[in-house]
4 protein chains.
Amino acid sequence: MRVGLLGAGRIGNVHAQAISAHPDSELVAVSDAFEKNAQALAKTYGCEVRSSDQIIADSSIDAVLIATSTDTHSDLIEAAAAAGKAVLCEKPVDLSLERATACLSAVGDKASGIMIGFNRRFDPSFGALKAAIDAGEIGKTELLSITSFDPAPPPVEYIKVSGGLFRDMMIHDFDMANFIMGETPVSVSAVGTSVVDPAIGEAGDVDTAAVTLTYADGRIAVIKNSRRAVYGYDQRVEVLGSEGLLQAQNMLENTVVKSTAAGVVSAKPTYFFLERYMPAYKAEWAAFVRAAQAKSDMPVNLHDGVAALAMAEAATRSVKSGRPVAMTEIPGISGRGAAA
Amino acid sequence: MRVGLLGAGRIGNVHAQAISAHPDSELVAVSDAFEKNAQALAKTYGCEVRSSDQIIADSSIDAVLIATSTDTHSDLIEAAAAAGKAVLCEKPVDLSLERATACLSAVGDKASGIMIGFNRRFDPSFGALKAAIDAGEIGKTELLSITSFDPAPPPVEYIKVSGGLFRDMMIHDFDMANFIMGETPVSVSAVGTSVVDPAIGEAGDVDTAAVTLTYADGRIAVIKNSRRAVYGYDQRVEVLGSEGLLQAQNMLENTVVKSTAAGVVSAKPTYFFLERYMPAYKAEWAAFVRAAQAKSDMPVNLHDGVAALAMAEAATRSVKSGRPVAMTEIPGISGRGAAA
Amino acid sequence: MRVGLLGAGRIGNVHAQAISAHPDSELVAVSDAFEKNAQALAKTYGCEVRSSDQIIADSSIDAVLIATSTDTHSDLIEAAAAAGKAVLCEKPVDLSLERATACLSAVGDKASGIMIGFNRRFDPSFGALKAAIDAGEIGKTELLSITSFDPAPPPVEYIKVSGGLFRDMMIHDFDMANFIMGETPVSVSAVGTSVVDPAIGEAGDVDTAAVTLTYADGRIAVIKNSRRAVYGYDQRVEVLGSEGLLQAQNMLENTVVKSTAAGVVSAKPTYFFLERYMPAYKAEWAAFVRAAQAKSDMPVNLHDGVAALAMAEAATRSVKSGRPVAMTEIPGISGRGAAA
Amino acid sequence: MRVGLLGAGRIGNVHAQAISAHPDSELVAVSDAFEKNAQALAKTYGCEVRSSDQIIADSSIDAVLIATSTDTHSDLIEAAAAAGKAVLCEKPVDLSLERATACLSAVGDKASGIMIGFNRRFDPSFGALKAAIDAGEIGKTELLSITSFDPAPPPVEYIKVSGGLFRDMMIHDFDMANFIMGETPVSVSAVGTSVVDPAIGEAGDVDTAAVTLTYADGRIAVIKNSRRAVYGYDQRVEVLGSEGLLQAQNMLENTVVKSTAAGVVSAKPTYFFLERYMPAYKAEWAAFVRAAQAKSDMPVNLHDGVAALAMAEAATRSVKSGRPVAMTEIPGISGRGAAA
């Protein structure tokens, strides 16, 4: 598979590595708004620098990976889909739910073939947890908890353009909930605060939040986010079922345990998403190549991307209004989404 | 200290053991609505069987422990307080918040000297977690999570008279939140469902619930309850602070780990509250004796008992109304409670 | 069961507590070389102070617990056995293997009814490990490892009269090996050193040792001892079998885990044997009462006491000679001991 | 750095991957006794197939990695060293200590520049443990334990040509002991048995062994090996020091924990050396490139390779003779080896 990479920033480089390392994919060309970025990446991986338009127009290129700035995602998805490419686009589809649903309409029945980069679904531990649920190992699922803390908050300048914690950070957890529960919720109830940094609150966002999701069949999910966990990247999932509990715990930097008079000290969780999710990015790419080659539906697609964004919209409204928001209140969303 | 025990049921027997084992307390008399219960306990611990009235009227008795049925708690607290006894009463103060606040009024400034049996505050692990917070080991607390699952649901007949999950089971977790956070919340938002057993739902109660508490200073707490965790009694507390995370994990039945081709198997959590909290019951009694001897305020008192009950009332209303409930909406509660 | 306690030192007090707490045993009398010790214990537990001879001669006393200094054990065992008492004697039987084997001869066929206080067999975790082996959960056992470190070395003055690390400390581990492996070894190979404290070496003892045991059927056991583990009392057992591995790990002081920028810190192991083995002492006493009432063989008896002492003798010789010592070289020991 | 790979078997393929992935090294040519192996590897990594002689004779090749059968190692080391190549040779140097010491003599002062593939030194957890020791975090080291179990025994046909457990398997642990302790031991005492498979015993080897090493300064090390741990590849190191204990525990397949009525189940250790040590192979190659570029001594070199082999020789003799073997008894070895 010949691949064009749109976007040569930090996450573009992560994907370039996965594309190059895969036996069935070849990185052919890269584009970036900052040509220097594209040149540096092209040099490392031995590919050409082109414009995004040129890459999409090149009929010898089978697939594009969209890792550009969020505001360009929907346009590029539409263009690449129209050009018949296999598409893997980074999350979120857009900060605007309206634009994302328009994109969904525009691509029509190609939506299931457009993969959205919810990489955590491909983490070996979350994958094993999901497989255990699907195998019935804990019976019927009843209560899901997702803990997702970043090691340190981004600069307030980033916060201002990020779309807010729910669209930028918790969107991963909304998708994880959809992945684990196998359907989207009927209501979203959120509280948020800026106890980590008042400047984040002044910028109109929250840095700490707890969200409760309810499901049509009575199940419940709770998601907790914080922009700061000084001990590292804390990414845990826990599901109670009728026959047991499944927990996916953190990966640690190493397995050394030191016992002294001061206590018993283990290694910290791997520091951030590049360390923690590198295997997930590789597995994500492999899943994309597999589905593209088989011309089958993508394991996580544009419908899922829009569903997670709609939940972020609902959470944002819930914090503002101080009450639960039904998914039916969200325009263009029918209440039970694509994840089912 | 000469002690009279009111109530010789399961929990009365637990307390009898703690009273007898303590070097500074002596179990003098026991009462029970079922005299056979009282006689059995009296035989084991070598004390007299009397009526509750006789015990309260006996000026040679210094302290009474109230472990009778919940509907008698407030009356006995008032009578024992009026008789000048040191009082330790099992939770809850009453199923009716109205009756409990009336009791609080009735005892007046003796309320701080009446201990309520929130035994979990005396669990060694929760105690060590609280001490670490107070020592500033994780900086300022921001986000609290309490997981509290029973191993198996009680009979539906019990559910019907229990006051419901929030007053019967989560009340312990409300008190734990007050203990850890050092104050009562400003709002309570609850969802509940009966995914464990529809019959519990038909009886008007929930068996699985998630509650979000918000605090005046922006902090957040999340409590999860389930009536069924088939692997045992799951009792965990986790607090994120500005400088770290504290977790109190489950006690296990033993420390054996078995690794076979089928996986790596550890022991389950201790099965239920008698196993898990026996050290806590002993430490609770020791704290009571200490405070009674010093004539100082009880470490957890009638104010705390009413505060937790008010939170249960708010959670019950929140589930019914489908919206967050401000603590100021709860009659007779001023919003920030005794825990501060 | 009416019980006389010989010896009111630290370990005597531990046993007094277990005797008093057991529903079927009553502490009637206590003796001690230092009468003040006996008086203090008698006051706490409400029993009489007598001489050891008086206790043994009192036909109303059913059982004696011998917790006196080691050099008196064999004499008291012989006297109490002759008087028809049920006997529980602290380890070791004697520092002299010769004296211990003479005691074994003296009591004749009563040996199986004399319990030796190898309390660790009654630790819940070691017991669960042994039960798992007996249930075939790891198939055939092949390789045993015992790690046994004290938190801090005793005074050199104590070392000098202790009989040395093998008789005083590792004797527990020799018995644990006999318990786990179900038979005594055919050879003992030991190395020892005084890296903890050269003064211990100057006193003729070692403070750190590794011993390898071999068994008639080819199995192997390794025991490691150190007089100093600054992080606490380290007591672990690990057995590899044809179908898996069993590990009994340390009990921790509590279950709190603290994650900060400095690492992830858990509680230390419980500090020393009183904390770690209190449940074992209680279970040991219960097992003794049960066997005495049933007039059945004791679960760990005088044969086992002599077998462990013979292994200590072999280890001592091995360190001195720098070569493995066959158990057949040890006078009066037939190579495969009582544990089988 | 232009690299020639000698040997295209399983381990050759592991190295080819590391060589290709490193930014400063290029795989130029590969040789193998079975040309099909070489061709397959050459196709995957885009390099030429040549003979070993051709590769060594090619002055444009900077480095050779020797991953051929053990009996060719010494010849190829000598030839490559004579040709001025940087050399990384898989362990062991030879099955014959005599041949290995002759090789050491033959290469003269180039020995320190020839790296031996003791990959475990580059495992992140063992590396972190060693760094903690070097940083003084547990004070002075006193007692080392290495547990090293393979998941399943190799075919008996392999056993027969392997040189035996000590030269084939425990040689890694001998080098680990040298790495951790910072010097070679003064004596080796070994016991071995064939409890896993009697056929291994009939082939003249052992499948389960325990070895005790003593050091000039009194320290002790214990190594345990088994050819079979049905739960996976068990690779642990534990060091007691004057100020604490360091443990490097197993890496697990994932972080999922499942709690059910049957117990609490975690993932097993990664199954075998390819999974467990892939990061170590990459780090090993990076260390080789770094040292070769700097023309500095290799971090683990031919001296270390011979020292570990001498310890395997001593262990083999100890099992046969049934007594400890002093390292001074081993011809050509001076007692304290290169690791110091």
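Residues numbered from 1 in each chain as written. Chains lettered and ligands numbered in written order. Predicted model: local features only at pLDDT ≥ 70, side-chain atom pairs only at ≥ 80, totals over all residues. Heavy atoms only, no water.

Chain A appears in an unreviewed UniProt entry as Inositol 2-dehydrogenase from Flavimaricola marinus. Word for word, the UniProt comment on chain A under Sequence similarities (unreviewed entry) is "Belongs to the Gfo/Idh/MocA family." (UniProt positions renumbered as here; feature names shortened; annotations may be inferred.)

### Remarks on the UniProt feature "domain: Gfo/Idh/MocA-like oxidoreductase N-terminal" (unreviewed entry) in chain A
If you check UniProt for "domain: Gfo/Idh/MocA-like oxidoreductase N-terminal" (unreviewed entry), the listed places come out as residues 1-110 of chain A in our numbering. A distance of 19 Å separates the end C-alpha atoms of residues 1-110 of chain A, which is 45% helix and 19% strand. (Helix = DSSP H or I, 4+ residues; strand = E, 2+ residues; numbered from the N terminus.)

### Comments concerning the pattern of salt bridges
For the structure shown, the criterion picks out 80 salt bridges over all chains. Two residues, B:Lys258 and C:Glu137, come together in a salt bridge whose shortest N-O distance is 2.7 Å. One end of the pair, B:Lys258, is in strand 13 (residues 256-260); the other, C:Glu137, is in the loop between helix 6 (124-134) and strand 7 (141-149), on a second chain. Where salt bridges share partners, they join A:Glu48, A:Arg50 and A:Asp58 into one cluster. (Salt bridge = Lys/Arg side-chain N within 4 Å of Asp/Glu carboxyl O.)

### A short note on empty space enclosed by the protein
All names here are of chain D. Under the defined criterion, the tally for this structure stands at six cavities of 30 Å³ or more. If you add up the space inside the largest cavity, you get close to 50 Å³. Those elements that provide at least two residues to the lining of the largest cavity are strand 7 (141-149), helix 9 (170-181) and strand 11 (234-241). (1 Å grid on protein atoms, 1.4 Å probe; cavity = no way out; pocket = protein on both sides within 12 Å on 5 of 7 lines; lining within 4 Å. Points joined across faces, edges and corners; volume = space filled by probe spheres on them.)

### Regarding the interface of chain B and chain A
Chain B puts 41 residues into the contact, and the matching count from chain A is 41 residues. Of the roughly 2,800 Å² buried where chain B meets chain A, counting both sides, 64% is carbon and sulfur surface. When residues of chain B are sorted by the area they lose upon contact with chain A, B:Glu142, B:Val195 and B:Lys224 head the list and together hold 16% of the total. Here chain B and chain A share four salt bridges between them. The partner of A:Arg236 in a salt bridge is B:Glu238, and the shortest N-O contact between them spans 2.6 Å. Inspection of the region where chain B meets chain A yields eight residue pairs in polar contact (both at pLDDT 80 or more). Secondary-structure elements contributing two or more residues to the side of chain B that touches chain A are strand 7 (141-149), strand 8 (187-193), strand 9 (208-214), strand 10 (220-226), strand 11 (234-241) and strand 12 (244-248) of chain B. In the side of chain B that touches chain A, the residues fall into 15 nonpolar, 15 polar and 11 charged. (Contact = heavy atoms within 4.5 Å. Buried area = accessible area lost by both parts, 1.4 Å probe. Polar contact = N/O pair within 3.5 Å; in protein donor to acceptor, adjacent residues only side chain to side chain. Nonpolar A, V, L, I, M, F, W, Y, C, P; charged D, E, K, R; others polar.)

### Here we look at the UniProt feature "domain: GFO/IDH/MocA-like oxidoreductase" (unreviewed entry) in chain A
Per the UniProt entry, the sites bearing "domain: GFO/IDH/MocA-like oxidoreductase" (unreviewed entry) are residues 128-246 of chain A in this numbering. Along residues 128-246 of chain A one finds 29% helix and 34% strand; the C-alpha atoms at either end are 10 Å apart.

### Things to note about the sheet that holds strand 5 (residues 86-89) of chain B
Strand pairing in a sheet takes place through backbone hydrogen bonds and is either antiparallel or parallel in direction. Residue and element names in this part refer to chain B. Here six strands make up an open sheet; going across it, the order is 3-2-1-4-5-6 and the pairing parallel. Edge strands, defined here as strands with exactly one partner in the open sheet, are strand 3 (48-49) and strand 6 (114-116). The sheet contact formed by strand 1 (residues 2-6) and strand 2 (residues 26-31) spans five bridges and is parallel. By the bridge assignment, Arg2 is partnered in strand 2 with Glu26. (Pairing = 2+ DSSP bridges.)

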